[in-house]
Amino acid sequence: MAGLSARLCPVAPRRRRAFYLADRPSHRGGHETSRAYGVFVLTAPAFAVNAAFGQNGFLTGALLYLGVRLADRRPILAGVCLGTLTIKPRLGLLIPLFLLLRGHWTVIVSAICTSIALVGLSALIFGIDMWRGYFEHVMPFQRIVAEEGTGVFLRMMPTGFALGRLQGWDASYAMALQAPFSLLALGLTVWTFRKPSAAPEMEQALLLVCVFLFSPYAFNYDMMALVPALFLVLESEIRASRSGPTRLNLMLIALFLLPVITFFLPLGPAILAGSALVLAQRISACRTEEPAPASVSGTN
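For clarity, every value in this text was computed on a predicted model and none was experimentally measured. (Residues numbered from 1 in each chain as written. Predicted model: local features only at pLDDT ≥ 70, side-chain atom pairs only at ≥ 80, totals over all residues. Heavy atoms only, no water.)

Caption draft 1: Representation of helix α8 (residues 128–148) within the structure. The end-to-end C-alpha distance of α8 is 30 Å, a good match for the 30 Å that 21 residues give at a rise of 1.5 Å each. At Y134, α8 shows its strongest bend, of approximately 40°. (Helix = DSSP H or I, 4+ residues; strand = E, 2+ residues; numbered from the N terminus. Expected span 1.5 Å × (residues − 1). Bend = angle between axes of the 7 residues up to and from the residue.)

Structure (structure tokens):
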């Protein structure tokens, strides 16, 4: 898989260079893989949802994916990406746990410094009243929308909370339905990252799935972050001659289609949970097949 991350360019041209910083093409099949990835992105339902609704999932997806992908090799850049992701904090709820479990201290420091710098710069440019207004007016409004919103808004959320709200439950009962999915995501994250890495692409995909499984307020347009991770896993399966209708491949296809499925059927929680469990099973198999590294401590 060496060199593949370089070819995972984001859809928006101005963010293409960020993906190329991850690595450089290093094998003859680079152009073919790049074209395949381009087709994969352009046909992704998450791409269509972002284009149709004018959302910022291209940006936040790139920040989330790169923050996870580059944590080992480019820790400072990974921290900058994750620190910038504080513009949408619901996407980063599990990321600090991942960083702590793997000992990515440089990433943590870089993310904290980036977040502080962004807050300070915005206050310097727009004034401290902007932040006061955010906490006094914007956050309460966001809570009202999340807890009382109806219609297509809820069908864009592949979460247990949205499933409960679609059944007519009030916010407290809907949040109770979300709880087991969040606990599953939390448990799988701890189980995966407290041990040495055995299947990096699988583990990164699992973490991103758990990000959406954990948050009650995840949206389908933010699932652009999953597109490059799914591409990597599918390519590894094809190279390992496992391109048939295996459980993993079927779940990956369901994940790929989830941003549009959720408009018609409230299957988001089931697909996310099933995908997370199948990925965890494959990671467990990889750990039994390959000896673990001698050191488990983080170096970043």
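Here the narrative resumes.
Caption draft 2: Highlighting the side chain of S275. Mapped onto the elements, S275 comes out in helix α15 (residues 268–289). A residue is classified by how much of its surface remains accessible, and S275, at 1% relative accessible area, is buried. Among the polar contacts made by the side chain of S275, one reaches the main-chain carbonyl oxygen of I271 at a distance of 2.7 Å. S275 has contacts with M251 and L255, leaving out every residue within four places of it along the chain. (Buried < 20%, exposed > 50% of the residue type's maximum accessible area, 1.4 Å probe, protein only. Polar contact = N/O pair within 3.5 Å; in protein donor to acceptor, adjacent residues only side chain to side chain. Contact = heavy atoms within 4.5 Å.)

Caption draft 3: A look at the pattern of salt bridges. What the rule picks out here adds up to five salt bridges. Between R90 and D222 there is a salt bridge; the shortest N-O distance is 3.4 Å. Remark: D222 occurs in the loop between α12 (200–214) and α13 (226–239) and R90 occurs in the loop between α5 (75–84) and α6 (95–102); sequence separation between them is 132 residues. By relative accessible area, which is 24% here, R90 ends up partly exposed. Residue classification places D222 among the buried positions, given a relative accessible area of 0%. D129 is paired through a salt bridge with R132; the nearest N and O atoms lie 2.2 Å apart. Of this pair, D129 and R132 both sit in helix α8, three residues apart, which is roughly one turn of the helix. Each of the salt bridges in this network shares a partner with another, and the network as a whole consists of K88, R90 and D222. (Salt bridge = Lys/Arg side-chain N within 4 Å of Asp/Glu carboxyl O.)

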